[in-house]
Every structure is written in C-alpha cells, then in structure tokens.
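A closer look at the structure
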Amino acid sequence: EAPGEWVGDLADELGLSGQVDAASYSAILEGRDPNTGAQLLKRPETRFRERPDGTKKRIEPVLGYDVRFSAPKSVSLLYALGSRQTRARIVSLMNEAVRQGIAHLEREACTVQRGTGGVRIERGTGLVGMAFRHRMSRAGDPALHVHVVVSNLTRAASDGKWLSLASPKGRSPLFPHGKSAGVVFQAALRAGFLREFGFEFEQVRNGYADLRGFSRELIEAFSTRSREIATWLAERGVFSVKA
C-alpha cells in the first residue's frame, strides 16, 4: 500500500512533511519530536486496576487514534478501473478531502484537560497525523480509504504546553466528531470531483452519495464485506449500529 504522509497543523509546526518513516512513526506516538528526539510529552506508565474478582486488568496508555475516511464505492471502482492518470487525480482529491476532514477535527475536537482531575477543558492548537491510503477492503474488493493515525498529543492554546488530548471519562476525544468529520470529507470529495472531472453525484443521504452512472447492482457486486456483515447480523437477529 501507499506510504504514510504527514497531516495536521502541528505536523507542519514540527516541520514534518512528506513520507512517514518507521522511526518517525514510533517517535510521535511515543510523544517525541521525530526530528530531534526531544520528549514533547511523557506518556503515563502502564498500570493495573484490580477487578471485583481480585484479578488485575492491564491499563495501557493511549498513544493515538485511528480515523478512517472512506470513499464512496463508486469512487473506489473508478479508481480501480481507471487509467494511471485518473488514479493520480483521484488520489489528489482524496488527499485534499482528508485534509479538510482533519481540519474539522482540529477545530471541533482538539482540546486538553487542565486543573485538578482535568475538570477544565481548553483548546488545543492542532493535531499530528499520519495518513495511510489503502485500496481494498478486507474481502479484497475495491475500497479506497485512508487511515489517519492521530498521535495523542497537542499544544494547549493558552500556554503552548504539550498535553494529551482531552478524554473526559476515558472516552475518545475524536469519536463524538467522527460523523461530522466524515460529512466534511464526503462534501469536499464531491466538490473536488465536480471541479476536476465535471462528474455529478446521486442524491446525498446521511452525508453520503455515489457517482451518477454506477448502478446499484454494480456497486453491490463489489461490496462483499457489506454482504458478510448483513449476513452475520441476520443470522443473530440483531440490526443495531452497535451490533
């Protein structure tokens, strides 16, 4: 698959651009500056919490979060079947849409906790992310998507101190804004396709739409993973999002 690329305002601030290498990947997740090795943020030690039955649960520090941006299936098919030039143009549009999705998270979800017990929530100044583009689903169908590994750190806007992202009650700081970030990504991708190719999309539903001209039968023929999930749910008689 494609090598990772740096994204996010704090990546720019640290002078991180272009391709991600293994050493830099490890460094930023460990809270170190990949350029100098300086410790930006000390990660908490692994700890253990005792369960009611007397056994101990291992609590690992959170190093980062995985944010996935997935292209509509029709876009994935166009990428898979298109010429080299077409694929390059689609990748460029995907990269820009991902940047806009991450920028949304930086505006809405980038916060830190201050004060005793972390009761005070303050703004952070941005994120450091590493974007990895994949071409296929687990079932091997065309499924163009980007995983952005976001390091669990930012700088407090008030004093510039490096801190972990706010996680009230242990919840992911990014998860509540995942849906809206996805809507921003999809809208940016549609705008890019209209501008770059002149292509139009079907009616937008729940923030998502496929390219016009791709039949439902064609899309479903390359959606093996979706069929597997639907079968699994039906066999167990469960249909909730949580399931």
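Residues numbered from 1 in each chain as written. Predicted model: local features only at pLDDT ≥ 70, side-chain atom pairs only at ≥ 80, totals over all residues. Heavy atoms only, no water.

Take the packing of aromatic side chains next. Using the criterion set out here, one finds 5 aromatic pairs in the structure. Centroid distance F193 to F201: 6.0 Å. Interplanar angle 90°. Geometry classified as edge-to-face. (Phe/Tyr/Trp six-rings, centres within 6.5 Å; stacked < 30°, edge-to-face > 60°.)

A sheet is described by the order of its strands in space; here 4 strands give the open sequence β1-β7-β8-β4, paired in antiparallel fashion. Of all strands in the sheet, those bounded by a partner on one side alone are β1 (5–7) and β4 (64–70). Averaged over all adjacent pairs, the angle separating strand axes in this sheet is 30°, with direction ignored. Both β1 and strand β7 (residues 129–136) contribute to a ladder of 3 bridges, which runs antiparallel. Bridged to E5 within β7 is A131. Against the sheet, helix α3 (residues 73–81) touches β7 and β8 (142–151), its axis set at about 105° to β8. Against the sheet, helix α4 (residues 84–108) engages β1, β4, β7 and β8, with an angle of about 40° to β8. (Pairing = 2+ DSSP bridges. Helix = DSSP H or I, 4+ residues; strand = E, 2+ residues; numbered from the N terminus. Axes fitted to C-alpha atoms, helices over the stretch in contact; angles between N-to-C directions. Contact = heavy atoms within 4.5 Å.)

Applying the stated rule across the entire model yields 15 salt bridges. Between E1 and R135 there is a salt bridge, and its shortest N-O distance comes to 3.1 Å. Placement of E1 in the segment before β1 and of R135 in strand β7 is noted, with a sequence separation of 134 residues between them. The salt bridge involving R212 is made with E200; its shortest N-O contact spans 2.8 Å. Highlighted residues: R212 in the loop between α5 (178–196) and α6 (216–221) and E200 in the loop between α5 and α6, separated in sequence by 12 residues. You can call E200 partly exposed: its relative accessible area is 46%. (Salt bridge = Lys/Arg side-chain N within 4 Å of Asp/Glu carboxyl O. Buried < 20%, exposed > 50% of the residue type's maximum accessible area, 1.4 Å probe, protein only.)

Okay, helix α7 (residues 224–236) next. Counted at 1.5 Å a residue, the expected span for α7 with its 13 residues is 18 Å, and the 19 Å between its end C-alpha atoms agrees. Immediately beyond the C-terminal end of α7, within one or two residues, lies G237, with a positive phi of roughly 70°. (Expected span 1.5 Å × (residues − 1).)

As judged from the 4 bridges shared by strand β2 (residues 47–50) and strand β3 (residues 56–59), these two strands associate in the antiparallel manner. Bridged to R49 within β3 is K57. Two successive antiparallel strands, β2 and β3, enclose a turn made up of 5 residues, where G54 displays a positive phi of approximately 95°.

Running from amino to carboxyl end, α4 crosses α5 at an angle of 145°, the nearest separation of the two axes being 8 Å. In the packing of α4 onto α5, the handedness of the crossing is right-handed. Residues R89, I90, L93, M94, A97, V98, Q100, G101, H104 and L105 of α4 pack against S180, A181, V184, F185, A188, L189, G192, F193, R195 and E196 of α5. (Left-handed = near helix turned anticlockwise from the far one by under 90°.)

A word on the nonpolar core. Ranked by size, the top nonpolar core spans 35 residues in total, and within it F69, I90, M94, V148, L189 and F193 carry the most contacts. Per-element accounting of this core gives the leading share, 8 residues, to α4. When residues no more than four places from it in sequence are discounted, the contact partners of M94 are F69, A71, L144, H145, V146, F185 and L189. If you look at the next biggest cluster of nonpolar residues, it comprises 15 residues, including L10, L14, L16 and L29. (Core = buried A, V, L, I, M, F, W, Y, C linked by side-chain atoms within 4.5 Å.)

Let us look at the environment of R43. Relative to the elements of secondary structure, R43 occurs in the loop between α2 (22–29) and β2. In this structure, the C-alpha to C-alpha distance between R43 and N152, residues 109 residues apart in sequence, is 9.5 Å. Residue contacts for R43: discarding those within four places in its chain leaves I28, L29, E30, G31, V62, L63, S151, N152, L153 and S164. A distance of 3.0 Å separates a polar atom in the side chain of R43 from the backbone oxygen of L29. There is a polar contact of 2.6 Å between the side chain of R43 and the backbone oxygen of N152. (Polar contact = N/O pair within 3.5 Å; in protein donor to acceptor, adjacent residues only side chain to side chain.)

Along the polypeptide, E122 turns up in strand β6 (residues 120–123). Note on E122: relative accessible area 18%, which makes it buried. Of the polar contacts made by the side chain of E122, one reaches the side chain of R114; its length is 3.4 Å. Of the polar contacts made by the side chain of E122, one reaches the side chain of R120; its length is 3.0 Å. When sequence neighbours within four positions are dropped, the list of residues in contact with E122 reads C110, T111, V112, R114 and S158.

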